[in-house]
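Structure at a glance
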There are 2 protein chains.
Amino acid sequence: MNIGSAAEQSGLPPKTIRYYEEIGLIPAAGRTQGGYRDYDGTDVEILRFLRRARGLGFSVAECRELLSLYRDRERASADVKALALQRIEDIERKIVELESMRRTLRHLADHCRGDERPNCPILDDLAFGGTNES
Amino acid sequence: MNIGSAAEQSGLPPKTIRYYEEIGLIPAAGRTQGGYRDYDGTDVEILRFLRRARGLGFSVAECRELLSLYRDRERASADVKALALQRIEDIERKIVELESMRRTLRHLADHCRGDERPNCPILDDLAFGGTNES
DNA sequence: GTACAGATTCCGGTTACTGGAAGGTCAAGA
DNA sequence: TCTTGACCTTCCAGTAACCGGAATCTGTAC
């Protein structure tokens, strides 16, 4: 099948599939007589794998590792689990960071009248810092 | 003062300060006889503003707007509050997304023995999709 | 044959920096 | 005054993960 069909079946855009081939994440596809990329079911399976892994927040580099482990019948599941746990940690760190931002912004927004007048605690905080910065 | 001092006092790296000047987020700094950038206390205040705004997750474009509002004595606080609320929404969306990823990863990791054997539910899920994908 | 959808490659752009090379300036110490 | 090392400058390309668009070719239905 052509790249359009592979895209449809995998859920990844054609551009992304070409990009993955370019960076060597997936092998170069076979070609038709006319020069079109030609994919089969196994190719689509890999593309789906990548879509799911990316969707879980694994970086392209990590996807490369995951694919390698997937292809390795001798792999130790410990290696896979380590990648997943690392991802979880990163995600948790990010969540904490985002929650802190939200708290500050929420606090500032709650104290802002949000009317036509110029006085604004949000700008004041940005300009002079709040109690957590003194 | 030189860029190094401005960097120290603002908390932004010299490279970032130069970058902000390049993209016009801050005005071009005055220069010493020797060609070094020269900053004063007000410049540092603006840099601090930017550091805090970036730290709250505002994009460079949003920082541009915030600075504009800050400089505008006639601003309406409503405009500032709108930016903050927008940021809060974006952050909340991101948190929800991250929590979903974490849940899936946590579930998969919990079911993975993480030993020397090759069987791994994480890879299986990536390869074939889980119940939430059928 | 015609027309349109889909494919190709190439190139530059997105966002927010940031490292490094090559070379100049400054200030303290000898 | 000279030396040395820290700091500064500009320029350029890279990071990560795509993705839009231009120019051109291919394939299929009518």
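Fair warning: this is a prediction, and the values are worked out from it, not measured in the lab.

**Regarding the relation of the copies chain A and chain B**
With an RMSD of 0.1 Å, chain A superimposes on chain B once it is rotated by 180 degrees and translated 0.0 Å along the axis. One copy is carried onto the other by what is essentially a two-fold rotation axis. Of the C-alpha atoms belonging to chain A, the one lying closest to the rotation axis is found on Ile95(A), 2.9 Å away.

**A few points about the interface of chain A and chain B**
Counting residues at the interface gives 54 residues for chain A, matched by 54 residues for chain B. Between chain A and chain B, the buried area comes to about 4,700 Å², and carbon and sulfur atoms account for 69% of it. Counting across the interface, chain A meets chain B through two salt bridges. For Arg102(B), the salt bridge identified is with Glu92(A), shortest N-O distance 3.6 Å.

**Thoughts on the protein's contact with DNA strand D**
Around DNA strand D, the surrounding shell holds 19 residues, and the nearest of these are Lys15(A), Arg54(A), Gly4(B), Arg18(B) and Arg31(B). The sugar-phosphate portion of DNA strand D accounts for 69% of its atoms within 4 Å of the protein, the bases making up the rest. The contact in question runs from a phosphate oxygen of DNA strand D to an N or O atom on the side chain of Arg54(A), over 2.6 Å. One nitrogen or oxygen atom from the side chain of Arg18(B) is found 2.7 Å from a phosphate oxygen belonging to DNA strand D. Of all elements in the fold, only helix 2 (14–22) of chain A together with helix 1 (3–10) and helix 2 (14–22) of chain B reach the threshold of two or more residues within the surface near DNA strand D. It is helix 2 of chain A that provides the largest number of residues to the surface near DNA strand D, a total of four residues.

**Overview of the packing of helix 1 of chain B against helix 2 of chain B**
Residues and elements named next belong to chain B. It is the contact of helix 1 with helix 2, at a shortest axis distance of 9 Å, that shows an interaxial angle of 100 degrees. Relative to helix 2, helix 1 is oriented roughly perpendicular. Of the residues in helix 2, those touching helix 1 at Ile3, Ala6, Ala7 and Ser10 are Pro14, Ile17 and Arg18. Tallied by class, the residues present in the contact of helix 1 with helix 2 amount to five nonpolar, one polar and one charged.

**Quick look at the protein's contact with DNA strand C**
Close to DNA strand C lie 19 residues, the nearest being Gly4(A), Arg18(A), Tyr36(A), Lys15(B) and Tyr36(B). Per the 4 Å cut-off to the protein, sugar and phosphate atoms form 63% of the nearby atoms of DNA strand C. Taking Tyr36(B), its side chain carries an N or O atom lying 2.5 Å from a base nitrogen of DNA strand C. Sorting the residues of the surface near DNA strand C by element identifies helix 1 (3–10) and helix 2 of chain A together with helix 2 of chain B as the ones contributing at least two each. Taken together, the residues of the surface near DNA strand C break down into seven nonpolar, six polar and six charged.

**Brief notes about the domain arrangement of chain A**
Residues and elements named next belong to chain A. Segmenting chain A into domains produces domain 1 (1–72) and domain 2 (76–134). If you look at the interface, domain 1 gives seven residues, while domain 2 gives six residues. Summed over both sides, the interface between domain 1 and domain 2 buries roughly 580 Å², with carbon and sulfur atoms accounting for 71% of that surface. Between domain 1 and domain 2 we count one salt bridge in total. Counting every contact that joins domain 1 to domain 2 gives two residue pairs in polar contact (both at pLDDT 80 or more). Counted by class, the side of domain 1 that touches domain 2 contains four nonpolar, one polar and two charged residues.

The rules behind the values
Residues numbered from 1 in each chain as written. Chains lettered and ligands numbered in written order. Predicted model: local features only at pLDDT ≥ 70, side-chain atom pairs only at ≥ 80, totals over all residues. Heavy atoms only, no water. Least-squares fit on C-alpha atoms with pLDDT ≥ 70 in both. Contact = heavy atoms within 4.5 Å. Buried area = accessible area lost by both parts, 1.4 Å probe. Salt bridge = Lys/Arg side-chain N within 4 Å of Asp/Glu carboxyl O. Near = heavy atom within 4 Å. Polar contact = N/O pair within 3.5 Å; in protein donor to acceptor, adjacent residues only side chain to side chain. Helix = DSSP H or I, 4+ residues; strand = E, 2+ residues; numbered from the N terminus. Axes fitted to C-alpha atoms, helices over the stretch in contact; angles between N-to-C directions. Parallel < 35°, antiparallel > 145°, perpendicular 65-115°, else oblique. Nonpolar A, V, L, I, M, F, W, Y, C, P; charged D, E, K, R; others polar. Domains from an automatic or database assignment.

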